[in-house]
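Geometric and topological summary
Each chain, letter by letter, is given below.
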Amino acid sequence: MHLNDRGSREPNRLAHEHSPYLLQHQFNPVDWYPWGDLAFAKARAEDKPIFLSIGYSTCHWCHVMERESFAQTTTADYLNQHFVSIKVDREERPDVDKIYMNFVQATSGGGGWPLNIFLAPDLKPFFGGTYWPPQPRHQRPSFLQVLAQVITAWRTRRVEVVNSAREMYEQLAQVAARDNTVGIIDRAIITRAGAVLKVGYDPVHGGWGTQPKFLLPSHPAFVLQFGVQTHDDEAVAMVLHTCTRMAAGGINDQLGGGFARYSTDTQWLVPHFEKMLYDNAQLLNLYLDCYLVSGVARYAEVAHSIACFVLRDMTHPAGGFYSAEDADSEGKEGKFYCWTREELVASLTPAEFAVAERAYGITAAGNFLDHSDPAPLLGQNVLSLTAEATTFEDIPLLATVRAKLLAARARRVRPLCDDKILAGWNGLMLGALARAAVILNEPTYASAAHRALEFARTELWDANARALAARWRNGARSTAQLLQAYAYMLSGAIELYQTTLDPDQLEFARSLADSMLDQFYDRALGGFWQSPISDDLILRLKEDNDGAEPSGNSVAILALLQLAAITECADYRAAAEHSLAFFAARLDRVPQALTKMLVAADFALAEPLKVVIAGDRNASAVQALVRAVHAIYRPNRVVLGSVGLVEPFARTLTTIDGRATAYLCTGTACQPPTHDPDSLLRMLRDAWPGAN
């Protein structure tokens, strides 16, 4: 590393990468390598340990450690002398991240990002952690102290270090193979899971967990389904309360819409401000479900605000969706989102300020202080709705206040947008927008979902190779093949098909499913590998946790079950059931770890309800019937047309008197057909007593 003639630092190898996270580190004095053979060969040739640092572009503490350590010459010189340093974007390589996160969680009891691990040249880990400060503090050693201790151990206790790495690798391999016994999925697993999830609920603020409190959308989605199906009003109330409190909190951008990744406190007030596409896709679905179950307009408003945020701030001109927005602006966390009392006074009339002060609980002292900042801004207010302002109609002028503040905020320096387009997260969002379009009767959402799928088919999908690139940015595709990309995109394509009845979309879904099965399915034991066999992975894992992101296995299983119901393809259902059997023991033992898979298990245990709609899919009468089907909360239901690669029985169902016709079927038994959307709604309610 050296300075150029302008006095600025020459870029390192990361300058040739496409990941915004890696590009953020291109001017570090650290001699960074991307994950790959060049770095591995250097470590072997020079007999050096590897320092592997994993994060993502909108991670606040990743920024802090970059500023405090990786941008500092003293730290960089030490790393360059003693280590081969590798940077990985966890969002582009979740398979790499998962292996080493498992190691850190197993050895330290915790995890997170930045994730920093020390590896032997054979890629086996021997020590790791998360954030280390530049100086010792709070009983944590400094980063330089950690580096020195690792090098001392590498030089003086090499045999011990290598043996430790081998033993830990063997333990991780054993853990990865722990559920190799086939179990049985039954209704008792669902019942026990509902009871377990209810116990972990926060009755005061809603949600699950304490602080920091994550959104975990799969949790309330399962509890809502469980509550509606079992007539458990308490379970339903838990989810509605959670969504009401989250929507009122600072975790929800009260001006521009969209939710931050997690709350630093229990009451959803002060978030880390990064907004992730995957969170907002899942929450869009959740708020749509809450609206269908309760009929409360506020949930529809929140769904609209999420969709508007994505279309306004997170959409590529060609149709794909960006990955995330940063927490930081101008080097300060939350600066874009927070307000001092003085800033609000300057932006509003006295009457408007009085409304804002009362509705958002504004104080001179503020409610947010960034403790990681050596010079934090004072008096910062995270906007959240007070108890008297739980809906925008409660206080006059609040809509005007919001519009004025949003316009004023637009003049600020925006947080960085991670503009890479991930196939998986795009699948989640396009599927959610497809549902929002028909439930909220908003054609712009339908158009956005269509464009996103076409973007994926044009820029990410190689039809000849039947391969889906995990990432696209500025015309460049990644080469990584990831289960998550296939499973999420498959789910989104199926959701979109069920709102359009477009046979071309169904054909694409089947191509995705077939390729996913070929590359990732474990035909011997069931379940799906996170990635294909690769020389750069010391382990091949099956993701088994529905956390902030649902596991690829859970989404793949549910999507295959839905596709099997639509097409009557026995291979899809067999693979899904085989995979559920593989995870049965884990579902029974720790159901809260796989709440999305519980939804899939419930689908497998039920006889799915099929709504077949015959007629020209572009006709308004057909679209009215489609909207009617989606206007009711009804899990374990699929919607299909009567043409294309649908099941043979559906292809025998035709229009009556030349009019759009809906058939409500279970198996091959159907109720009398109808042309009327209201009659279809009544039939759906009568067919399932749990329907709203």
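On a predicted model such as this, the values are computed, not experimentally measured, just so you know. (Residues numbered from 1 in each chain as written. Predicted model: local features only at pLDDT ≥ 70, side-chain atom pairs only at ≥ 80, totals over all residues. Heavy atoms only, no water.)

Low-pLDDT portions of the prediction should not be read for the details of their coordinates. On average, residues of the protein score 93 in pLDDT, and 97% of them reach the 70 mark or higher. Scored below 50 in pLDDT, residues 1-8 shows 12 contacts in the model against residues more than four places distant or in partner chains. (pLDDT = per-residue confidence, 0-100. Contact = heavy atoms within 4.5 Å.)

Before going further, it helps to spend a moment on helix α25 (residues 677-687). By the burial criterion, the buried members of α25 are Ser 679, Leu 680, Leu 681, Met 683 and Leu 684. Structurally, α25 contributes buried residues whose contacts are with β19 (609-614), α23 (620-630) and β21 (661-666). (Buried < 20%, exposed > 50% of the residue type's maximum accessible area, 1.4 Å probe, protein only. Helix = DSSP H or I, 4+ residues; strand = E, 2+ residues; numbered from the N terminus.)

So, on to the pairing of strand β2 (residues 50-55). Counting buried residues in β2 gives 6 out of 6 residues, a clear majority hidden from the surface. Neither face of β2 is exposed, since Ile 50, Leu 52 and Ile 54 on one face and Phe 51, Ser 53 and Gly 55 on the opposite face are all buried. As defined by bridge partners, β2 adjoins strand β3 (residues 84-89) across 6 bridges and the pair is classed as parallel. Along β3, the bridge assignment pairs Gly 55 with Asp 89. Pairing geometry for β2 and strand β4 (residues 115-119), over 5 bridges, is antiparallel. Residue pairing for β4: Ile 54 is matched across the bridge by Leu 115. (Pairing = 2+ DSSP bridges.)

Before going further, it helps to spend a moment on the state of the cysteines. In total, this model carries 2 disulfides according to the counting rule given. What pairs with Cys 59 in a disulfide is Cys 62, and their sulfur atoms sit 2.4 Å apart. Where Cys 59 bonds to Cys 62 through sulfur, the torsion about that S-S bond is close to 80 degrees, and the disulfide is right-handed. Residue pairing for Cys 665: its cysteine sulfur links by disulfide to Cys 670, the two sulfurs lying 2.0 Å apart. A torsion of 100 degrees about the S-S bond marks the disulfide between Cys 665 and Cys 670 as right-handed. On the basis of relative accessibility, which here comes to 31%, the residue Cys 670 falls in the partly exposed class. Disulfides within the protein link the bonded cysteines, taken in sequence order, as 1-2, 3-4. Cys 417 takes part in no disulfide bond, and the closest cysteine sulfur, belonging to Cys 59, lies 16 Å away. According to the relative accessible area criterion, Cys 417 is partly exposed, its value standing at 26%. (Disulfide = S-S within 2.5 Å.)

With mixed pairing, the 5 strands of this open sheet are ordered in space as β1-β3-β2-β4-β5. Across the chains shown, the open sheet's two edge strands, defined by having one partner strand only, are β1 (32-34) and β5 (125-129). Within the sheet, the average angular offset between the axes of one strand and its neighbour, ignoring direction, is 30 degrees. Where helix α3 (residues 60-70) meets the sheet, its contacts fall on β1, β2, β3 and β4, and the angle it forms with β2 comes to roughly 145 degrees. (Axes fitted to C-alpha atoms, helices over the stretch in contact; angles between N-to-C directions.)

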